[in-house]
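# Per-entry structural report
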Amino acid sequence: MQPENLSVEFAVWENIAKIYEALSTPAPLEDRLRKGLNLLMQNQQRGAAIWLESPEPQWVSLNCPLSWDQQVHLQSGTLPALIQKSIRSGEAILQPPNNEIGAILPIQQEEEVLGALILTTPPLADDEIPLWKQRIQPFARMLANDHRPNFTEADRLILQVHQFLNEIHLNSSAGEVYQVTAQFTAAARDLMNADDAALLLTDSANPHLAIKRRLGVGRMWSGQISLRLEDSLTRHALESRQIVQAKHNSHPLFHSEIDRFPDLPIENLICAPLTTGETTLGVLQIINPQRDLKNPLVHSAFILLVNSLTNWIIKEQTATRLKITSAEMEARLWEITKSRNTLRTLFDSIPSSIYIIDRSYRIVAINMPRSQRAHSDPRQLVGKKCYEVLYNRGEICPECRVMETFTQAVTTTRSVHEWLEGDRFIDWEITTYPIQEKNNLPHQVIIFEQDVTEKRSLEANLIQSEKMAAVGQLAAGIAHEINNPLAAIIANTQLLKRELLNDSADFMETLQLIETAGLRAANVVSGLLGISRKENKYEFEPLSLNESIRAALALVHHDLIRRSIEVVTDFQEEMPSLMASKNHLQSIWINLLVNSMDAMDKDNGRIAITTRYAEHNFTIIFEDNGKGIPSEYLSRIFEPFFTTKAAGRGTGLGLAITQRVVKEHQGDIRIESQPGQGVKITITLPDIPRG
Ligand SMILES: Nc1ncnc2c1ncn2[C@@H]1O[C@H](COP(=O)(O)OP(=O)(O)OP(=O)(O)O)[C@@H](O)[C@H]1O
Ligand SMILES: [Mg+2]
């Protein structure tokens, strides 16, 4: 049999199967008959009616003359008589003596006549009769069942298929897809009473490839192969979307791998495509079926199974796709949450203040350091106007440069000097950056506020030390040049003094003045050389810190008594010896003591000296209650030649030398002063052994 011919016949069987299905759904008898009649007369030019006597009188008509209904209703006229004749005899009336009636066919199950099908003209041709008899079979079977419910074998098959579908529906769940498809295939094999069955599913990405699974003895798969779908009966079923049946394996379309089972001689093969809408998922292969698909009941049950299997696979594929999509979405959500958290952490852990505002100055995002400065939480600040919640203003800050960034899309920078409690302050550098969408003006601006107080002070120190280095070098150069002539002046003066007679008192006094001036100049020169470190070699030796301060105190003892200045010492006695240059160290103590004495403008002058040793550091504190240093001078006191003392009293080199000496000892000096309240100088020297 050619597969092409089969498809025409199967269309008829499929129609019969549908009629059977319509007639067996639970509904009132009249509705079922009407549905069945509609299906029966599909694509027919005629009208038709069904007359039933049993189990109850029924008349259902479709596109029939009105007079038929009247005659049946009144039970008089030609039509009722002819119907009765056909029912009584159990024979078809093919040429009725009436030009409206085409044929009357008895509806009969085995010997029992249950009713008749009446067709309108034209009369039926002889070769049409067998087909019509087959097509009215479902009516007979259904009516007989309604009348006398005893099951035939075919009915049992239908029941079995329905039971199987019910079970599958109730028990199967996602994940059992292989098992369930195997059960479907086994059910189809059992229904067709076949030797074996296989399911061939195409690859949706590449429909030319397929996987074929074959059933074993039980309900599970026993074999699986991957195939390239070449010309075969199977491919023909797939492409034609029709059930294809071939009776022997010598058919030209038979393919030795796709259509065959290596260990099973094939006498009869059914290939049923699994189709839905536009897609064909694969083919169900039934090998050597003992039941005939031409039997409308078998056919309808088989179709039901194949369609259910198709729907099941589609459902599973959709569910799997959904599961994959939702897992992917979950993974993406997780990624987004993770990177959002990372960004938030990053945003918050930047020590500088950052926030973003929109064109109406509303905060879009703000980091933790900035919201903490506003004593608030980022969530409470977002959506509020920046000048209100961050700067406590009713309108835009006057010096704000955000507008420039919005209108010109430029980055701006400005400095703000913020005064805190007391004399403390913070220098802020505020930079604005535009956030632009392609070619448009910025819709948001990032504001970056950086604390630059320390940076500024370091810059100032750097300038100061550069200045000092320059001054020091210049001074050292000059000092060197005048050192030798100065030595000559002093030496010669001293020589002259010795040579002069005692009565030259006037000259002697003059010479004395020259010597004093010369020595004083020599002192300045040696101080200058001390700053530049050109001379005055440092010789480090272990010494007692307390002793070196005591020795300096002894040197200025007279002056202290004369100016009735009290010295209070608080020395930590137990401490290691300090590696230091003795002379240099002593010179700084003397300078500090002299500075304090010079600053005493009241009677009860007092100098407190403290020494401590802790954590490998020596700390020396000189504190006085003199007039203090005005804040505008504080930044200059380490400059060489900076002095407030009268000419001849101070050179302004003392603290410059002190700073240099402390640095040579790798230490640190700090001066604090409140005007009118005295000065506190803290020197820290590290305890480091020197070779
Ligand atoms: N304890 C202090 N109290 C008040 N002002 C001080 C004190 N120590 C230093 N100064 C101020 O710092 C200036 C610089 O001191 P520095 O020791 O460098 O120079 P000088 O004392 O003026 O001169 P030199 O020390 O060279 O004789 C002083 O002129 C003074 O104005
Ligand atoms: Mg001084």
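Just above sits the structure.
We now turn to the structure provided with this report. (Residues numbered from 1 in each chain as written. Chains lettered and ligands numbered in written order. Predicted model: local features only at pLDDT ≥ 70, side-chain atom pairs only at ≥ 80, totals over all residues. Heavy atoms only, no water.)

### Observations concerning the side chain of Asp-427
Note on placement: Asp-427 falls in strand E14 (residues 425-435). In this structure Asp-427 touches Val-416, His-417, Gln-450, Asp-451, Val-452, Thr-453 and Arg-456, once residues within four positions along its chain are discounted. (Helix = DSSP H or I, 4+ residues; strand = E, 2+ residues; numbered from the N terminus. Contact = heavy atoms within 4.5 Å.)

### Concerning the nonpolar core
Membership of the largest hydrophobic core comes to 41 residues, with the highest contact counts inside it found for Ile-549, Trp-589, Phe-622 and Ile-683. Within the residue set of this core, elements represented by two or more residues are helix H17 (545-562), strand E18 (578-581), helix H18 (582-598), strand E19 (606-614), strand E20 (617-624), helix H20 (654-664), strand E21 (668-673) and strand E22 (679-686). Those residues in contact with Trp-589, other than ones at most four positions away along the chain, are Leu-545, Ser-548, Ile-549, Ala-552, Ile-620, Phe-622 and Ile-683. (Core = buried A, V, L, I, M, F, W, Y, C linked by side-chain atoms within 4.5 Å. Buried < 20%, exposed > 50% of the residue type's maximum accessible area, 1.4 Å probe, protein only.)

### What to know about the pairing of strand E13 (residues 412-419)
Direction of pairing for E13 relative to E14: antiparallel, over a ladder of 8 bridges. Counterpart to Thr-412 in the pairing with E14 is Thr-432. (Pairing = 2+ DSSP bridges.)

### A short note on the coordination of the magnesium ion (ligand 2)
Ideal geometry at a metal centre gives angles of 109.5 degrees when four donors are arranged tetrahedrally and 90 or 180 degrees when six donors are arranged octahedrally. Each protein donor to the magnesium ion (ligand 2) is listed here as Asn-591 (OD1) and Asn-595 (OD1); together their distances run 2.1 to 2.5 Å. Highlighted residues: Asn-591 and Asn-595, both in helix H18, separated by 4 residues, approximately one helical turn. (Donors = N, O, S within 2.8 Å, 3.2 Å for Na, K, Ca; no water.)

### Overview of the pairing of E21
Taking every second residue as pointing to the same face, the buried face of E21 carries Ile-669, Ile-671 and Ser-673, while none of Asp-668, Arg-670 and Glu-672 on the other face is buried. Where E21 and E22 come together, 6 bridges link them in antiparallel fashion. Directly across from Ser-673, in E22, lies its bridge partner Val-679. Taken together, E21 and the strand that follows it, E22, pair antiparallel across an intervening segment of 5 residues, in which Gly-676 is found at a positive phi of about 85°.

### Focus on the pattern of salt bridges
As a working rule, side chains carrying opposite charge can pair if their charged atoms are close by. All told, the structure shown has 25 salt bridges when counted by the stated rule. Notably, a salt bridge pairs Glu-404 with Arg-401, separated by 3.0 Å at the nearest N-O pair. Here Glu-566 makes a salt bridge to Arg-606, at a shortest N to O gap of 3.9 Å. With Glu-566 in strand E17 (residues 566-571) and Arg-606 in strand E19, this residue pair connects regions lying 40 residues apart in the sequence. Relative accessible area serves as the criterion here: at 38%, Arg-606 is assigned to the partly exposed category. By sharing partners, the salt bridges in this structure join Asp-196, Arg-214 and Asp-263 into a single network. (Salt bridge = Lys/Arg side-chain N within 4 Å of Asp/Glu carboxyl O.)

### Observations concerning the sheet that holds E19
Across the sheet, which stays open at both edges, the 5 strands sit in the order E17-E19-E20-E22-E21 with mixed pairing between neighbours. A strand with exactly one partner marks an edge of an open sheet, and here the two such strands are E17 and E21. When the angles between neighbouring strand axes are averaged without regard to direction, this sheet yields 10°. Set on the sheet, H20 makes contact with E21 and E22; between it and E21 the angle comes to about 140°. (Axes fitted to C-alpha atoms, helices over the stretch in contact; angles between N-to-C directions.)

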